[in-house]
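# Observations on the three-dimensional arrangement
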Amino acid sequence: MQLHFSPSLRHVTVFPGKGVREFMKVKPGSRRFSYRMVLYSLLFFVFLLRFVFVMTAVDTIDGQRKCSSIGCLGKRLAPRMLGRTSSSSVPEVLYKVFEEPSSLVNEKNPGHDIPQSLEEFMADVRETRPDAKTFALKLKTMVNYLEQRTRTAKIQEYLYRHVASSSIPKHLYCLTLRLANEHSMNSAARIQLPNPEQVPFLVDNSFFHFVLASDNVLAASVVANSLVRNSLHPEKVVLHIITDKKTFAPMQAWFSLHPLTPAVIEVKSLHQFDWISKGKVPVLEAMEKDQKARSQFRGGSQAIVASHSERPNVIAAKLQAMSPKYNSIMNHIRIHLPELFPSLKKVVFLDDDIVIQTDLSPLWDIDMDGKANGAVQTCSGDDKFVMSKRLKNYLNFTHPLIANSFHPEECAWAYGMNIFDLEAWRNSDITQTYYHWLQLNLESDLSLWQLGTLPPGLIAFHGQVHVIDPFWHMLGLGYQENTSLADAENAGVVHFNGRAKPWLDIAFPQLRPLWAKYIDFSDKFIKGCHITET
């Protein structure tokens, strides 16, 4: 058989010999098979040459003496085929350099010999032709420098987000001041909520009772609007709004001037509850101790950011733990719902950073199986980032008190939209357990957990949680932007938990319309404080 190569190397002509012709006569149709075999052989030969070239180049970098291509190929390939490791020292040198402890690089003055980009590094390698060890050292130094810069940038981002989320935006401050002034000047802003005819409904268990604790008038208005507008039976809805003393007048003014008829709206300040004014309240004492312990233990945000050993996500968690909301009476007061509403049997508790998108009356038809808390579990779901939380994500299982009492792989559940069977709660020791563990955490310098009210809630309601369908509570809209708008629109309740609250400038713009649709931007108070849709 003879081969003829065309000058363009685009095709090969085969002239079969006598034996081949005889074979082809015996095997009709095998000519195409022969052509393919020749072509595949050539392709394999070309690939083999490129492989040999790479092997030879690696040996050259390693500083070894020159060898023939076939010799280098045999030296590298044969040990692998026989089940042995390569005798080359290139990998060992790289591993040794990379495994050595790294030293910090001065970010402000890194030195002229540290490349600050991949392009600079490649240009330097082409110019100096370093050996393997020098190559590895240069690469490691550059990577360490870039990692430090990335870490610093991440920490600065977390710090700026912490400041942005902890501050009161001027438009919210403006709204509170204008409503407080309206309350003092306009009698229509001081009407009784609810009106005398509706007062009996406040303790009527045939109604659907919702509880909202908030000192944010704008956020409370969105929760109330979304609740009533999506209810199939708004005349059976009773919304109990609990606020603090400083926000009571603005909150009352807003809902007096913006009635949600036929729903029943009650606005009440904590100081108006008899059981709080009679003496010492555990939640207030716990808040005072907690605040003092945090200020001494944390050392402030600058001390947290100055750490050179902790990972950025750990620093972010510590900054979040310093957020004022985690030591807010509005966040802690939910543990006293049975005392706040002694005549009610069941309530649905709502956070002020949620939006309701469906009728919630079916929640009253759920059989709680004698459990006190109906909640969505957060350990399984399509969103692996949000729905992957277990007890180990909130409690410190290196502490013996936690490790001996709970299992790290147990599912966590979500605060924000919870059904509370107050009768089952009153027959349990949930509240006492909450304060017992809160005290243990304070005594251990906050080493049992770091974040607010959910960890002690996970402990207090342990064994008292009835799991409800995730449709009723979609989480994570305030700390990750991967949630699609279509998925969020199909949820019964969406929760902007996290720093990126929808009333802040750092809110995710594609998700904010879910919240903004329940605000009347033509309202004189909204326009007067320059609250806009975008």
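Rules used throughout
Along each chain, the written sequence defines residue order, and numbers are assigned to residues from 1. Totals for whole chains, interfaces and linings use all residues, but because this is a predicted model, local features are given only for residues with pLDDT of at least 70 and pairs of side-chain atoms are given and counted only at 80 or more. Water and hydrogen atoms were dropped before computing side-chain values, which therefore reflect all heavy atoms in the structure. UniProt positions are given in the numbering used here, feature names are shortened, and annotations may be inferred rather than shown by experiment. Secondary structure counts use DSSP, requiring at least four H or I residues in a row for a helix and at least two E residues in a row for a strand, with both numbered from the N terminus. Note on exposure labels: buried denotes an accessible area under 20% of the residue type's maximum, exposed denotes more than 50%, and partly exposed covers the range between, all computed with a 1.4 Å probe on protein chains only. We score Asp and Glu as negative and Lys and Arg as positive, and we do not count His or the chain ends. Basic side-chain nitrogens of Lys or Arg form a salt bridge, by our definition, when they fall within 4 Å of a carboxyl oxygen of Asp or Glu. Pairs of N or O atoms within 3.5 Å make up the polar contacts considered here, provided that, within protein, one atom can donate a hydrogen while the other can accept it, and that residues adjacent in sequence are counted only when both atoms are side-chain atoms. Two residues form a contact once any of their heavy atoms are found within 4.5 Å. What counts as a disulfide here is a pair of cysteine sulfur atoms lying within 2.5 Å. Strands are labelled as partners when DSSP assigns at least two bridges between them. A right-handed crossover is one whose linking path, passing over the helix from the first strand to the second, runs clockwise when the strands point away from the viewer. Ring pairs shown here join Phe, Tyr and Trp side chains whose ring centres sit within 6.5 Å, with only the six-membered ring taken for Trp; geometry is labelled stacked below 30 degrees between planes, edge-to-face above 60, and tilted in between. Counted as over-ring charges are cases with an Arg CZ or a Lys NZ within 6 Å of the ring centre that also lie within 35 degrees of the ring normal.

If you look the chain up in an unreviewed UniProt entry, it shows as Hexosyltransferase from Spinacia oleracea. Taken directly from UniProt, the Subcellular location (unreviewed entry) text for the chain runs: "Golgi apparatus membrane". The Pathway (unreviewed entry) comment attached to the chain in UniProt states, word for word, "Glycan metabolism; pectin biosynthesis."

With respect to the helices and strands, aspartate 421 occurs in strand β9 (residues 417-421). An unpaired buried charge is present at aspartate 421: no salt bridge exists, and lysine 346, the closest side chain of opposite charge, is 5.5 Å distant. Polar contacts involving the side chain of aspartate 421 include one to the main-chain amide nitrogen of alanine 424, which spans 3.1 Å. The contact partners of aspartate 421, leaving out residues within four places of it in the chain, are Lys345, Met368, Lys371 and Ala372.

For the structure shown, the criterion picks out two disulfides. Paired through a disulfide, cysteine 174 and cysteine 529 show a sulfur-sulfur distance of 2.2 Å. Taking the sign of the S-S torsion, about -80° here, the bridge from cysteine 174 to cysteine 529 comes out left-handed. Highlighted residues: cysteine 174 in helix α7 (residues 170-185) and cysteine 529 in the segment after α22 (524-528), separated in sequence by 355 residues. Between the sulfur of cysteine 379 and that of cysteine 411 lies a disulfide, 1.8 Å long from S to S. Between cysteine 379 and cysteine 411, the S-S dihedral sits near 65°, and the bridge is therefore right-handed. On the criterion of sequence distance, the pair formed by cysteine 379 in the loop between β8 (373-375) and α16 (400-403) and cysteine 411 in the loop between α16 and β9 is long-range, its members being 32 residues apart. Using a relative accessible area of 12% as the deciding quantity, one classes cysteine 379 as buried.

Before going further, it helps to examine the pairing of strand β3 (residues 208-213). Of all six residues in β3, six are buried, a share of seventy percent or more. Of the two faces of β3, both are covered, the one formed by Phe208, Phe210 and Leu212 as well as the one formed by His209, Val211 and Ala213. Both β3 and strand β4 (residues 237-243) contribute to a ladder of six bridges, which runs parallel. Across the sheet, residue valine 211 finds its bridge partner in β4, namely histidine 240. For the crossover that starts at β3, traverses helix α8 (residues 217-229) and ends in the parallel β4, the hand is right-handed.

To continue, consider the pairing of β4. Along β4, seven of the seven residues are buried, which leaves the element largely enclosed by surrounding structure. Where burial is concerned, the two faces of β4 agree: the one with Val237, Leu239, Ile241 and Thr243 and the one with Val238, His240 and Ile242 are both buried.

Let's shift gears to the packing of aromatic side chains. Within the structure shown, the criterion is met by 14 aromatic pairs. Considering the side-chain rings of phenylalanine 201 and phenylalanine 207, the 4.7 Å spacing of their centres and the 25° angle between planes classify their relative orientation as stacked. Judged by relative accessible area, phenylalanine 207 falls into the buried class, the value being 7%. Each ring, one from phenylalanine 273 and one from phenylalanine 341, has its centre 6.5 Å from the other, and the planes form 80°; the classification is edge-to-face. You can see phenylalanine 273 sitting in the loop between β5 (264-269) and α10 (274-277) and its partner phenylalanine 341 sitting in the loop between α15 (337-340) and β6 (346-350), a full 68 residues away along the chain. Overall, phenylalanine 273 belongs to the buried group, its relative accessible area being 6%. By way of ring pairs, the aromatic residues Trp413, Tyr415, Phe420, Trp425 and Phe461 are connected into one cluster. Directly above the ring of phenylalanine 273 sits lysine 268, whose terminal nitrogen or CZ lies 4.6 Å from the centroid. The ring of tyrosine 415 has arginine 334 lying over it, and the distance from NZ or CZ to the ring centre is 4.2 Å.

Within the secondary structure, leucine 446 is located in the loop between α18 (430-443) and α19 (454-460). Between the C-alpha atoms of leucine 446 and asparagine 396, which are 50 residues apart in sequence, the distance is 9.9 Å.

Within the element layout of this structure, isoleucine 241 appears in strand β4. Classification of isoleucine 241 as buried rests on a relative accessible area of 1%. Put simply, isoleucine 241 and alanine 224 are 17 residues apart on the chain and 9.2 Å apart in space, counted from C-alpha to C-alpha. Non-local contacts of isoleucine 241, meaning those with residues more than four positions away in its chain, are made with Leu212, Met251, Phe255, Ile265, Glu266, Val267 and Lys268.

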